[in-house]
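# Coordinates in review
Here's the letter readout for the chains.
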Amino acid sequence: MNSFIRRYKSIYAALLKLGIPIIIGQLGIIIVGFADNIMVGHHSADELAAASFVNNLFLLSLMFGMGFSLGLTPLIGALTARNQFDEVGRSLRHSLWANFAVALFLMAVMWVVYGNIESLGQPEELLPLIKPYYLIQWSGLIFVMLFNAFKQFADGITDTRTSMYVLLAGNLLNIAGNYFLIFGKGGFPEWGLLGAGLSTLFSRIMVLLFFMAIFFFSSRYRCYKAGFLSRKVYDGNMSVLIKNGLPIAFQMGMETGAFSLSVIMMGWFGAAALAAHQVVTTFATIGFMLYYGIGAAITIEISRVKGEGRCKDIKPVGDAGFHLIGVMLLCCAVLIFMLRNYIGGWFTDSDEVCRIVVLLIIPTIVYQLGDGLQIAYSGALRGVGDMKPMAVIAFISYFLVCLPCGYLFGVICNGGPVGIWWGFPLGLTTAGVLFYLRFCRVVKKLIR
């Protein structure tokens with residue numbers, strides 16, 4: 001045991017140094033999600049159900065966009081390891097243009113969805129709440145994508161603390177806005193779910209402005225500004241960003257798509273099932289965000305190690321990252337189990353919603369292992385630059401395993417909401433195992 005710890009000790013320290021600021025920033029997002037859903041749920045159970053439907057639809061776009069922006073991190077990490085600071089600045093500029101284009105694409109897709117929203121089989125009484133909230137979320141996509149470019153740039157140069165501080169500031173703004181606009185405090189109108197949407201939009205605009213101000217007016221990023229402001233338009237980085245970003249975008253988009261399309265099936269069982277889905281998803285996001293922080297650290301550290309030519313050190317970094325995630329997922333599983341009878345009551349006063357929440361907890365606990373496994377080794381694959389197979393693995397895991405199994409268990413076998421949720425452990429575990437096997441194969445080739 002002592003030799004095992006000595007072997008990985010320095011790697012654990014490096015990953016935690018990079019990952020903890022990311023985790024803190026992600027925990028801030030979780031707190032905002034909790035605040036959003038608790039405030040909206042106690043204002044109205046129907047508003048919580050409407051928020052569940054819209055947020056899950058937009059989660060697909062947001063994760064696709066975040067996945068695309070992640071293609072910048074290994075590129076920046078490798079350039080930083082070689083002290084190519086002008087190239088780093090140019091890569092950020094190219095990433096902003098690429099993320100802007102992807103944002104316009106996502107907005108076009110979500111506009112088409114909005115035009116057909118009445119055909120998705122959701123409860124009629126929720127549509128007057130769904131439509132205005134949907135439009136507010138739609139208008140914020142472009143700000144999210146531009147912020148993602150700045151965040152991945154900062155993470156790639158190992159400055160994960162700046163992203164943490166900016167996210168925490170935006171989260172405080174969001175929570176304050178929720179308090180005033182949902183319940184009509186301080187002389188503001190009581191807008192309920194609409195107020196929650198406006199608060200989120202305002203915070204998204206502000207975090208982008210915060211990051212822009214830090215980049216352009218602080219001395220911290222001075223060495224990258226010359227490359228960013230240079231007139232050189234194309235040096236191959238744009239094609240690399242697209243080549244790296246699209247497979248990750250499809251991988252994360254398909255994973256999120258499994259949850260987003262499942263919410264449509266949940267809507268077939270009524271507003272209470274939708275609200276319960278939102279409650280459990282929000283709480284289970286604690287695990288995902290914690291694991292993601294270490295997964296991002298794995299990507300950064302492996303890209304740096306590879307950039308320095310130390311290929312034999314790549315696999316220990318990936319394995320050490322999964323060790324850390326394993327401890328986290330065990331803690332999350334125990335926490336979720338212990339709080340299973342209380343979670344629903346934090347978000348809503350509806351007894352029916354609380355009853356369904358308790359039923360969904362077991363599949364939620366089971367899928368933690370698969371979630372941690374796929375986050376660790378998808379992060380490792382991003383670090384070594386092996387992105388293309390990730391989209392294929394995601395398609396198999398989420399569209400050929402997760403969704404069909406959820407439909408089979410939930411709809412055909414009359415398992416209801418719980419049956420739908422049993423598709424998630426199967427899909428996530430399949431993805432995790434396939435990512436791990438692919439990572440081992442790639443590392444062997446690099447060492448040769």
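Calculation rules
- Numbers given for residues are sequential positions, taken from 1 along each chain in its written order.
- With pLDDT at 70 or above as the cut-off, local features in this predicted model cover only qualifying residues; side-chain atom pairs require 80 or more to be listed or tallied, and sums for whole chains, interfaces and linings still use all residues.
- In computing side-chain values, all of the structure's heavy atoms are included and hydrogens and water are not.
- Secondary structure elements follow DSSP: runs of H or I of four or more residues count as helices, runs of E of two or more count as strands, with numbering from the N terminus.
- Throughout, a residue-residue contact means that at least one pair of heavy atoms, one from each residue, lies within 4.5 Å.
- Values of accessible area rely on a 1.4 Å probe in the Shrake-Rupley scheme; residue burial ignores everything except the protein chains shown.
- His is not counted here, nor are the chain ends, while Lys and Arg score as positive and Asp and Glu score as negative.
- Charged side chains are reduced to one point each, which is NZ for Lys, CZ for Arg, CG for Asp and CD for Glu.
- Only the stretch in contact is used when a helix axis is fitted, and all axes are lines through C-alpha atoms; the angle between N-to-C directions ranges over 0 to 180 degrees.
- Here the angle decides the label: under 35 degrees means roughly parallel, over 145 means roughly antiparallel, 65 to 115 means roughly perpendicular, and every other value means oblique.
- Whether a crossing is left-handed or right-handed is set by the direction in which the near helix is turned from the far one by less than a right angle, anticlockwise for left-handed and clockwise for right-handed.
- When residues are sorted by character, Ala, Val, Leu, Ile, Met, Phe, Trp, Tyr, Cys and Pro go into the nonpolar class, Asp, Glu, Lys and Arg into the charged class, and all the rest, Gly among them, into the polar class.
- Throughout this description, the term salt bridge denotes a Lys or Arg side-chain nitrogen within 4 Å of a carboxyl oxygen of Asp or Glu.
- In this scheme, a residue with accessible area under 20% of its type's maximum is buried, one over 50% is exposed, and one in between is partly exposed, where area comes from a 1.4 Å probe on protein chains only.
- Patches here are clusters of residues that have more than 30% relative accessible area and form no salt bridge, with a 9 Å joining cutoff for like charges and a 5 Å cutoff for nonpolar side chains (Val, Leu, Ile, Met, Phe, Trp, Tyr).
- For a helix, the expected span equals 1.5 Å multiplied by the number of residues minus one.
- Classification of ring pairs rests on two measures: the distance between centres of Phe, Tyr or Trp rings, Trp counted by its six-membered ring, which must be within 6.5 Å, and the angle between planes, read as stacked under 30 degrees, edge-to-face over 60 and tilted in between.
- Two thresholds decide whether a charge sits over a ring: the Lys NZ or Arg CZ must be within 6 Å of the ring centre and within 35 degrees of the ring normal.
- Confidence scores labelled pLDDT are given residue by residue by the predictor and lie between 0 and 100.
- For the purposes of these results, a polar contact is taken to be a pair of N or O atoms within 3.5 Å, where, inside protein, one atom must be able to donate a hydrogen and its partner to accept one; residues adjacent in sequence count only when each atom of the pair is a side-chain atom.
- Bending is quantified residue by residue as the angle between axes fitted to the seven-residue window ending at that residue and the seven-residue window starting at it.

### Comments concerning the overall build of the protein chain
- Across its full length, the protein chain carries 17 helices and zero strands.
- For the protein chain, the spread of C-alpha atoms along the principal axes amounts to about 60 × 50 × 40 Å.
- Of the contacts formed within the protein chain by residues at least 6 apart in sequence, a portion of 84% connects residues at least 24 apart.
- Approximately 17900 Å² of the protein chain is accessible, and the part contributed by carbon and sulfur atoms is 68%.
- Here the protein chain carries 32 positive and 22 negative side-chain charges, and the mean point of each set is 17 Å from the other.

### Considering the packing of helix 3 (residues 72-81) against helix 11 (residues 271-307)
- Between helix 3 and helix 11, the least distance of the axes is 8 Å, while the angle of their chain directions is 40°. Comparing the axis directions of helix 3 and helix 11 gives the class oblique. Crossing handedness for the pair helix 3 and helix 11: right-handed. Along its contact with helix 3, which presents T73, P74, G77, A78 and A81, the element helix 11 presents T299, I300, S303, R304 and G307.
- Class assignment for the residues of the contact of helix 3 with helix 11 results in four nonpolar, five polar and one charged.

### Considerations on the pattern of salt bridges
- For the coordinates displayed, the defined rule picks out eight salt bridges.
- For K131, the salt bridge is made with E118, and the minimal N-O distance between the two is 2.5 Å. Of this pair, K131 sits in helix 5 (residues 127-139) while E118 sits in the loop between helix 4 (85-115) and helix 5; the two residues are 13 residues apart in sequence, bridging distant segments of the chain.
- Given the relative accessible area of 53%, E118 is considered exposed.

### Quick look at a nonpolar patch on the surface
- A surface patch of nonpolar side chains, about 650 Å² in accessible area, is lined by L330, V334, F337, M338, I362, V366 and W422.
- Within the residue set of the nonpolar patch, elements represented by two or more residues are helix 12 (314-338) and helix 14 (351-384).
- Relative to the elements of secondary structure, F337 occurs in helix 12.
- By relative accessible area, F337 is classed as partly exposed at 40%.

### Digging into the packing of helix 7 (residues 160-183) against helix 8 (residues 193-217)
- Where helix 7 meets helix 8, the closest approach of the two axes is 8 Å, and the angle between their N-to-C directions is 155°. Compared by their axis directions, helix 7 and helix 8 come out roughly antiparallel. Considering only the axes of helix 7 and helix 8, their crossing is right-handed. Between helix 7 and helix 8, the residues in contact are T162, S163, V166, A169, G170, L173, N174, G177, N178, L181 and I182 and G195, A196, L198, S199, T200, F202, S203, M206, V207, F210, F211 and I214, respectively.
- Here the residues of the contact of helix 7 with helix 8 are counted per class, giving 13 nonpolar, 10 polar and no charged.

### What about helix 6 (residues 141-156)?
- The terminal C-alpha atoms of helix 6, which comprises 16 residues, lie 23 Å apart, in line with the 22 Å expected from a rise of 1.5 Å per residue.
- Residue T158 follows helix 6 closely and has a positive phi angle near 70°.

### A few points about unusual backbone geometry
- Phi is positive for T158, which is not a glycine, with a value near 70°.
- Here T158 lies in the loop between helix 6 and helix 7.
- Notably, N414 is not glycine yet its phi reads approximately 60°, a positive angle.
- For N414, the location among the structural elements is in the loop between helix 15 (388-412) and helix 16 (416-421).
- N414 sits in the exposed class, given a relative accessible area of 69%.

### Here we look at the packing of aromatic side chains
- Taken as a whole, this structure holds 29 aromatic pairs when the rule is applied.
- Judged by centre distance (5.4 Å) and plane angle (85°), the rings of F153 and Y224 are edge-to-face. On the criterion of sequence distance, the pair formed by F153 in helix 6 and Y224 in helix 9 (residues 222-229) is long-range, its members being 71 residues apart.
- Note on Y224: relative accessible area 7%, which makes it buried.
- Its guanidinium or amino end placed over the ring of F337, R340 lies 4.0 Å from that ring's centre, counting from NZ or CZ.

### Some details on the confidence of the model for the protein chain
- Of the residues in the protein chain, 95% reach a pLDDT of 70 or more, and the chain-wide mean stands at 85.
- Mean pLDDT across the elements of the protein chain ranges from a minimum in helix 1 (residues 2-43), with 76, to a maximum in helix 17 (residues 423-447), with 92.

### A word on the side chain of S262
- With respect to the helices, strands and loops of the structure, S262 is situated in helix 10 (residues 237-267).
- What makes S262 buried here is its relative accessible area of 2%.
- A distance of 2.6 Å separates a polar side-chain atom of S262 from the backbone oxygen of A258.
- With sequence-adjacent residues up to four places away left out, S262 is seen in contact with G257, L403, I420 and F424.

### Focus: helix 14
- Between its first and last C-alpha, helix 14 extends 49 Å over 34 residues, near the 50 Å set by a 1.5 Å rise per residue.
- Along helix 14, the largest kink reaches about 35° and is centred on Y367.
- The buried count for helix 14 comes to 25 of 34 residues, which makes it a mostly enclosed element.
- One or two positions beyond helix 14, positive phi appears at G385, with a value near 80°.

### Brief notes about the environment of L16
- Among the structural elements, L16 can be located in helix 1.
- Between the C-alpha atoms of L16 and L324, which are 308 residues apart in sequence, the distance is 8.7 Å.

### What about the environment of I325?
- Take I325: it is sitting in helix 12.
- Take I325: its relative accessible area is 0%, and that puts it in the buried class.
- Sequence-wise, I325 and L290 are 35 residues apart; in three dimensions their C-alpha atoms are separated by 7.9 Å.
- Setting aside residues no more than four positions away along its own chain, I325 makes contact with Y291, I294, G295, G372, I375 and A376.

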